[in-house]
Amino acid sequence: MEEKRLEIIESSLKLFCQYGIKSISMDDIARELGMSKKTLYQHIDDKNKLVEEALQLANMKDIEVMAVFKRPDLNAIEQFFEFKKLMEPHIGQYQPTILFDLKKYYPALLYDFKEKQKEFIMEAYIANIKKGKQEGLYHEDIIDSIIARLLLAHHLFTFDDTNGLFTVNELREMELFSEVFKYHFRGVCTEKGMQEVDKLFCEKNYENK
């Protein structure tokens, strides 16, 4: 992707996440980038196209984070702890306004975004479950696709601040991630797996009781 175009899309995504889509104009984006609107339109056709490409970029960033579940140098449980570390800077960056705006004004784009998100998240979680079984960290009798879908449900529902389950402030606290992890691990881990979980929580100064 052209460097200047990518810069525009990244800046736009950041603004959309902070303030929503409807309240951000092309003038605002041009001002943020320190360029004229005429220059902006030399790289971007219109705001609708910009929103579409901003969502594509968001998915690319999520794919990069989920790639941690395919790292061969980490065991299955270490992958989750590394995932938490990678997610920490992003927690709370999405304000409720952006999701409201997507649902109201860009439902087709939101649907496509979520479908693609489901696909790569499921793939990552299934890879992790298979690895955990091979390493003796997860129970052999758990069904990969069911556990992966339960994790996906946590990923998409628990951390969606528009459903009212948790407040924005609660979602910004990494304690919630830790509790979701504990809930998951205690259901899928063997005794060997729980020993690894306890060790990693202890090493990283997390409360695991």
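Residues numbered from 1 in each chain as written. Predicted model: local features only at pLDDT ≥ 70, side-chain atom pairs only at ≥ 80, totals over all residues. Heavy atoms only, no water.

1. Remarks on the overall build of the protein
Phase 1 of the analysis: A count of helical and extended segments in the protein gives 11 helices and zero strands.
Phase 2 of the analysis: Considered along the principal axes of its C-alpha atoms, the protein spans approximately 60 × 30 × 30 Å.
Phase 3 of the analysis: The burial tally for the protein puts 46% of its 209 residues in the buried class.
Phase 4 of the analysis: For the protein, long-range pairs separated by at least 24 residues make up 69% of all intrachain contacts whose partners lie at least 6 apart in sequence.
Phase 5 of the analysis: Summed over all atoms, the accessible surface of the protein reaches about 11,600 Å², with 52% contributed by carbon and sulfur.
Phase 6 of the analysis: Across the protein, 30 positive and 37 negative side-chain charges occur, with their mean positions spaced 2 Å apart. (Helix = DSSP H or I, 4+ residues; strand = E, 2+ residues; numbered from the N terminus. Buried < 20%, exposed > 50% of the residue type's maximum accessible area, 1.4 Å probe, protein only. Contact = heavy atoms within 4.5 Å. Areas by Shrake-Rupley, 256 points an atom, 1.4 Å probe, with all protein chains shown as cover. Lys, Arg positive; Asp, Glu negative; His and termini not counted. Charge placed at Lys NZ, Arg CZ, Asp CG, Glu CD.)

2. Some remarks on the environment of methionine 87
Phase 1 of the analysis: Summarising the element assignment, methionine 87 is placed in helix α5 (residues 76–87).
Phase 2 of the analysis: On the accessibility criterion, methionine 87 (16% relative accessible area) is buried.
Phase 3 of the analysis: Along the backbone, methionine 87 and phenylalanine 16 are 71 residues apart, and their C-alpha atoms lie at a distance of 19 Å.
Phase 4 of the analysis: The residues contacting methionine 87, other than those within four sequence positions of it, are Val65 and Phe177.

3. Brief notes about helix α2 (residues 26–33)
One turn of an α-helix holds 3.6 residues; hence residues three or four places apart share an orientation.
Phase 1 of the analysis: Taken together, the buried positions of α2 are Met26, Ile29, Ala30 and Leu33. One side of α2 carries all its buried residues, which in axial view fall inside an arc of 100 degrees.
Phase 2 of the analysis: Structurally, α2 contributes buried residues whose contacts are with α1 (3–19), α3 (37–43) and α4 (47–66).
Phase 3 of the analysis: Phi turns positive one or two residues past the end of α2, at glycine 34, with a value near 70 degrees. (Arc of directions from axis to C-beta.)

4. Points about the packing of α5 against helix α11 (residues 191–203)
Phase 1 of the analysis: Following both chains from N to C, one finds α5 and α11 inclined at 30 degrees, their axes separated by 9 Å at the closest point. If you check the angle between α5 and α11, you find them roughly parallel. Along this stretch, α5 crosses α11, giving a crossing that reads as right-handed. In this structure, α5 uses Ile77, Glu78 and Phe81 to contact α11, whose residues at the interface are Gly193, Glu196, Val197, Leu200 and Phe201. (Axes fitted to C-alpha atoms, helices over the stretch in contact; angles between N-to-C directions. Parallel < 35°, antiparallel > 145°, perpendicular 65-115°, else oblique. Left-handed = near helix turned anticlockwise from the far one by under 90°.)

5. Points about the pattern of salt bridges
Phase 1 of the analysis: Counting across every chain of the model gives 16 salt bridges.
Phase 2 of the analysis: The closest approach of N and O atoms between aspartate 28 and arginine 31, which form a salt bridge, is 3.0 Å. Of this pair, aspartate 28 and arginine 31 both sit in helix α2, three residues apart, which is roughly one turn of the helix.
Phase 3 of the analysis: Residues lysine 70 and glutamate 123 are paired through a salt bridge, measuring 2.4 Å at the closest nitrogen-oxygen approach. Pair noted here: lysine 70 is in the loop between α4 and α5 and glutamate 123 is in helix α7 (residues 107–134), with a separation of 53 residues, a long-range link. (Salt bridge = Lys/Arg side-chain N within 4 Å of Asp/Glu carboxyl O.)

6. Thoughts on the confidence of the model for the protein
Phase 1 of the analysis: Looking at the protein, pLDDT values average 90 and 90% of them are 70 or higher.
Phase 2 of the analysis: Within the protein, no element has a lower average pLDDT than helix α9 (residues 168–172), which sits at 69, and none a higher one than α2, at 97. (pLDDT = per-residue confidence, 0-100.)

7. Structural notes on the packing of aromatic side chains
Phase 1 of the analysis: In this structure the tally under the stated criterion is 10 aromatic pairs.
Phase 2 of the analysis: With 5.4 Å between their ring centres and 75 degrees between their planes, phenylalanine 80 and phenylalanine 181 make a pair best called edge-to-face. Of this pair, phenylalanine 80 sits in helix α5 while phenylalanine 181 sits in helix α10 (residues 175–188), placing them 101 residues apart in sequence.
Phase 3 of the analysis: Note on phenylalanine 181: relative accessible area 5%, which makes it buried.
Phase 4 of the analysis: Considering the side-chain rings of phenylalanine 81 and phenylalanine 201, the 5.0 Å spacing of their centres and the 75 degrees angle between planes classify their relative orientation as edge-to-face. Of this pair, phenylalanine 81 sits in helix α5 while phenylalanine 201 sits in helix α11; the two residues are 120 residues apart in sequence, bridging distant segments of the chain.
Phase 5 of the analysis: By relative accessible area, phenylalanine 81 is classed as buried at 5%. (Phe/Tyr/Trp six-rings, centres within 6.5 Å; stacked < 30°, edge-to-face > 60°.)

8. Some words on the nonpolar core
One recurring pattern in soluble globular proteins is that nonpolar side chains are buried together.
Phase 1 of the analysis: Core analysis: the biggest nonpolar cluster contains 34 residues, and Ile77, Phe83, Tyr125, Tyr138 and Phe185 have the highest contact counts within it.
Phase 2 of the analysis: If you list the elements that add at least two residues to this core, you get α4, α5, α7, α8 (144–158), α10 and α11.
Phase 3 of the analysis: In this structure, tyrosine 125 is in contact with Met66, Phe69, Phe80, Phe83, Ala148, Leu151, Leu152 and His155, ignoring residues within four places of it in sequence. (Core = buried A, V, L, I, M, F, W, Y, C linked by side-chain atoms within 4.5 Å.)

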